[in-house]
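Observations on chain architecture
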Amino acid sequence: ATLFVLAAIAAVATPAPSARAARVPFSGTPNDASLATCRANAQLLNRTLQSLAPGDVLVFTERLNFHVLGGVAAADLVDVTLQVDGNITFCDELDAWPHDGTGRVRECLYFRNATRLKITSVTATGVFDGRGERWWGPPGLGYVLRGENRPRLLNVESSRDVLIERVAFVNSPYWTVWVHGVDGLVIRHSNVTARRDESDEHSLYDLTAFNTDGFDVAGKNIHVHDVVVWNQDDCVAIKDNSQNVLVERASLSGLGAVIGSIGGSTVRNVTFRDIIMPHTYKGVYVKFRAKGGLIEDVTYERVYMNAPEQWPIWIGPAQQSDSSWLCAAHPCSICWPTLPFASCHAPADGIFRNIVLRNVTIDAPKESSGVGVIMGSAAHPMQNVVFDNVVVTNAHGGGGSDHYFACSGVDHAVATGSTRPVPKCFDDRTNAT
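Residues numbered from 1 in each chain as written. Predicted model: local features only at pLDDT ≥ 70, side-chain atom pairs only at ≥ 80, totals over all residues. Heavy atoms only, no water.

1. Some remarks on the nonpolar core
As a reminder, the rule being used: Only buried residues count toward a nonpolar core. Its members are Ala, Val, Leu, Ile, Met, Phe, Trp, Tyr and Cys residues joined through side-chain atoms within 4.5 Å. Classification of residues uses two cut-offs on accessible area relative to the type maximum, computed with a 1.4 Å probe and protein chains only: under 20% is buried, over 50% is exposed, and between them is partly exposed. Counting from the N terminus, the helices are the DSSP runs of H or I reaching at least four residues and the strands are the DSSP runs of E reaching at least two. Note on definitions: a residue-residue contact is assigned when non-hydrogen atoms from the two residues lie within 4.5 Å.
If you look at the biggest cluster of nonpolar residues, it comprises 96 residues, and the most contacted ones within it are Phe 111 and Ile 259. Among the elements that line this core, the one with the most residues is strand S15 (residues 215-230), at six residues. Apart from residues lying up to four places away in sequence, Ile 259 is in contact with Ile 238, Val 267, Val 270, Phe 272, Tyr 285, Val 286, Lys 287, Ile 295, Val 298 and Tyr 300. Of all hydrophobic cores here, the second largest spans 17 residues; its members include Leu 255, Val 258, Trp 336 and Ala 406.

As structure tokens, this is what we get:
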């Protein structure tokens, strides 16, 4: 399956040559954060993007910082490159931000129906800065006040053969990179940062930078590799209607290596491998929202977590709220099981099948309730789940636990190799038996 993925996306990394290749330096005003300049640069960038012909390279010069208001969008680009060697900083003038006809804010940067779009930095110094702090709002109140009406830093929709490389995405107001409806995508040698401070943890204060997902992808023939993400939500997330996805050689700290949340669709043939997770909040996170669906043929292998702060392994319902009441269960409350009134329910139509975790090490976990939650549906219990050499070390060194908190809704699951602890609803075929 992995060879198929790599073969299918090989052409993405080497776009087709063009007979015309004009370099177009962006001629906006740099190093000026005034609202007037933000507006003028956004208008100029919109006009420039729409004027690009196949083969054109739009260049943002190194050491220059272009402040731009959101709502930058382009459609139907073919063989176009954005060479970002400087900074593109999105102004945090919330009252001036453009909206669509429904009252939703427009994205920072949006591309639709692109073919062979390349976003790169020749000098590896390119930065997209979302200035997310004002959008996140006061800790504990920001989500209640603004909810999810915040712009994504980069949204690429219904496109083919997209390459994102050697750039940094900083403090997105909402999801950082959202590439969906794609056929052929490579994201490599890039990083995402979303932090309220520089502490090496995900405290309640840090986590109030809600919904700052890292790389969210949906489609087919996708390869994400050699990336670094430190954020306060899903680090790399495989979303609805996805297949043939490989994520490898990544450092992730946040809500982890994620499939979901999936609702009413099928996701299959997904591999995460060679992943390190320093001080992550969650680790392996596979989740359905209320509508259920099918998740099958999934492998996590060679994964190392150091001092994970909450659940190192979660396979089951999405732990989230879709309302201003943060403890609401949609379908599993983020307050569960800490608060006695909180609830958690596995969607009846959520089907997990052929899930393998192999050579996964969880070192010094901090969650005292347990090292994981495995919660399938009673109507459609999990099928063919294998934990092979899934090991917890130094379980009590970080104040954590050496058992799984929950294991239910599983019809056929086995633990093999040196797996320890063994989830209680698994067939124990480890070396210790």
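2. Quick notes on the state of the cysteines
For clarity, the threshold we go by: When two cysteine sulfur atoms are found within 2.5 Å, that pair is recorded as a disulfide.
What the rule picks out here adds up to four disulfides. Cys 38 shares a disulfide with Cys 91; S-S distance 1.6 Å. In this structure the cystine formed by Cys 38 and Cys 91 twists about its S-S bond by roughly -75 degrees; its chirality is therefore left-handed. Remark: Cys 91 occurs in the loop between strand S6 (87-90) and strand S7 (109-112) and Cys 38 occurs in helix H2 (residues 35-51); sequence separation between them is 53 residues. Across the pair, exposure class does not vary: Cys 38 and Cys 91 are buried alike. What pairs with Cys 327 in a disulfide is Cys 335, and their sulfur atoms sit 1.8 Å apart. With the S-S dihedral at roughly -75 degrees, the linkage between Cys 327 and Cys 335 falls on the left-handed side. There is no split in this pair, since Cys 327 and Cys 335 are both buried. Here the cysteine-cysteine linkages of the chain are recorded as 1-2, 3-5, 4-6, 7-8, numbering only bonded cysteines and doing so in sequence order. Between Cys 235, a cysteine without a disulfide, and Cys 332, which holds the nearest cysteine sulfur, the sulfur-to-sulfur distance is 19 Å.

3. Topic: the packing of aromatic side chains
How we decide: Between the rings of Phe, Tyr and Trp (Trp by its six-membered ring), a pair exists once the centres lie within 6.5 Å; its type follows the angle of the planes, with under 30 degrees stacked, over 60 edge-to-face, and the other angles tilted. Comment: the charge-over-ring label is applied if NZ (Lys) or CZ (Arg) is within 6 Å of the ring centre and within 35 degrees of the ring normal.
For the coordinates displayed, the defined rule picks out 18 aromatic pairs. Arranged with centres 5.1 Å apart and planes meeting at 35 degrees, the rings of Phe 26 and Phe 60 form a pair that is tilted. With a gap of 34 residues between them, Phe 26 in the loop between strand S1 (23-25) and H2 and Phe 60 in strand S2 (residues 57-60) connect regions that are remote in the sequence. Exposure remark for Phe 26: the relative accessible area of 7% places this residue in the buried category. Ring plane angle 50 degrees and centroid distance 5.7 Å describe the contact between Trp 311 and Phe 405, whose orientation is recorded as tilted. Here Trp 311, found in the loop between strand S21 (293-306) and strand S22 (313-317), pairs with Phe 405, found in the loop between strand S25 (383-393) and strand S26 (406-408); they are 94 residues apart in sequence, far enough to count as distant. When the ring centre of Trp 175 is taken as reference, the NZ or CZ atom of Lys 239 above it lies at 5.0 Å.

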